[in-house]
Amino acid sequence: MSASVLPTRAVIREVGLRDGLQAIARTLPTDQKQQWLRGAHAAGLREIEVGSFVPAKYLPQLADTAELVAFGKTLPGLFVSVLVPNLRGAEAAMAAEADLMLLPLSASHAHSLANLRKTPDEAVAEVARIRAARDAAGSKTLLEGGMSTAFGCTIQGEVQQSEVLRLLQALLDAGCDRVSLADTVGYADPAAVQRLFEAARQVAGDKLWAAHFHDTRGLGLANVYAAMQTGVNRFDTCLAGIGGCPHAPGASGNVSTEDLAYMLRSMGIETGLDVGALLALRQQVAGWLQGEQLHGTLWRAGLPKTLQAA
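*Asks:* Teacher, can you tell me more about helix H7 (residues 161-173) here?
*Replies:* Each α-helix turn comprises 3.6 residues. Residues three or four places apart therefore point the same way. Counted at 1.5 Å a residue, the expected span for H7 with its 13 residues is 18 Å, and the 18 Å between its end C-alpha atoms agrees. Where H7 is concerned, the buried positions are Val-164, Leu-165, Leu-167, Leu-168, Ala-170, Leu-171 and Leu-172. Looking at the buried side of H7, the elements it contacts are strand S4 (100-106), helix H6 (120-137), strand S5 (142-148), strand S6 (178-183) and helix H8 (190-204).

Right, dumping it as C-alpha cells:
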C-alpha cells in the first residue's frame, strides 16, 4: 500500500496516568498527577486516559481517578477517558461524567482469566450490561471496547485472528460505540499489524477507532506506521514509554508519547503537539519517578536542527 494513503492528521491519546502508573509500585500524589495532566494539556494533548475505576486494594496507584476526571474536565477541550473492568466501575465512570470508558476484553482466554477473572465471552456479557446501564441512565459516556492480546499472549501463546475478529464483532453487538486493538505484550510486527487491522476494518468499519502498541521488542513505531497504512489515525502512548499490564509477564514499555509525536511531526502529519513541551514534561515526570525504568530515545538525542527550523 502506498504511503500516499497515510493520514494528514493523527491523534495521540496519552495513557500514562493509567497504563503507565499501574505498572509501577509507586503511588504519585494527586497534585503531581494534576501537574502531569496540566502539562500534557499545555503541550497540546486533547485525549488523556486519567485512571481506572478499580478497587483501591488492587491498584492503589489509581485510587484518585474520580478526582482526576473532575480536574481533567476543567481543562478546555480535553476529552477525558478512564478504564473500567466491570459494571461497578462503569457506574463510577458515569457518575464522574467521564467522556469515554475503555472496556478491556482479552482475545486470549488465559489472559482474560488472569486479568478480569472472566472468560472472554463472560466479559462481553458484562459489556452488554454496561451498555444497558449507560442507556438507562441517559449517560453520554462513550463505550470503547479495547481488545488486548490481539497479536499473542505471554501466558497462552498464539491467539488466532479468527478469535480476535469474532470477539470484535461480539463487542459491537454488545453495544460498544468504538473498538480498538492492542498488542499488549509486544508480539506484533508491521506485517501482522497490517493483516489484522485490514481484517478488523472489514468487521468494524469506522468504529475501528484506535491502536495500542508496546515497544517491548523495539517495533512500536514501525507498527504505528503499518497501522496508519490501513487508515488508523489514533494511537495510545505513554510519556517516557512507561507502562504494561500487571497480568502479562514481560510486557514492558508502551510506545513513547514524545517519540511518536516527533516521528509524526517529522513526517508532516499534524498532531497539534509541541514536542519540546512534551520533552520538558517528560523530564519533570522522570524526576517524580526516579528509580523506575523509563523508555524512549528522543529525550537522549534531542530534536534535530532540521525539525527545529521547520
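*Asks:* What is the right way to read the pattern of salt bridges from this model?
*Replies:* Side chains that carry opposite charge are capable of pairing whenever their charged atoms lie near each other. The tally for this structure, following the rule as stated, stands at 16 salt bridges. For Arg-234, the salt bridge is made with Glu-47, and the minimal N-O distance between the two is 2.8 Å. Residue Arg-234 is found in strand S8 (residues 234-237), and its partner Glu-47 is found in strand S2 (residues 47-52); the two are separated by 187 residues along the sequence. Both residues of the pair, Arg-234 and Glu-47, count as buried. For Arg-166, the salt bridge identified is with Glu-163, shortest N-O distance 2.9 Å. A residue pair is termed a helical-turn pair when its members lie 3 or 4 positions apart in one helix, as Arg-166 and Glu-163 do in helix H7 at three residues. The partly exposed category is assigned to Glu-163, whose relative accessible area is 25%. A network of salt bridges, in which partner residues are shared, links Arg-131, Arg-134, Asp-135 and Asp-177.

What counts and what doesn't
- Sequence order as written defines the numbering, with residues in each chain counted from 1.
- Per-residue local features are limited, in this predicted model, to residues with pLDDT of at least 70; the limit for side-chain atom pairs, both in listing and counting, is 80 or more; totals at the level of whole chains, interfaces and linings are taken over all residues.
- Excluded from the side-chain calculations are hydrogens and water; all other atoms, namely the structure's heavy atoms, are used.
- Under the scheme used here, helices are H or I runs from DSSP no shorter than 4 residues and strands are E runs no shorter than 2 residues, and both carry numbers assigned from the N terminus.
- Here, expected helix span is obtained from the residue count minus one, scaled by 1.5 Å.
- The classification of residues rests on relative accessible area computed with a 1.4 Å probe and restricted to protein chains. Under 20% of the type maximum is buried, over 50% is exposed, and intermediate values are partly exposed.
- Contact criterion: two residues are considered in contact whenever any of their non-hydrogen atoms come within 4.5 Å of each other.
- What makes a salt bridge here is a side-chain nitrogen of Lys or Arg within 4 Å of a carboxyl oxygen of Asp or Glu, nothing more.

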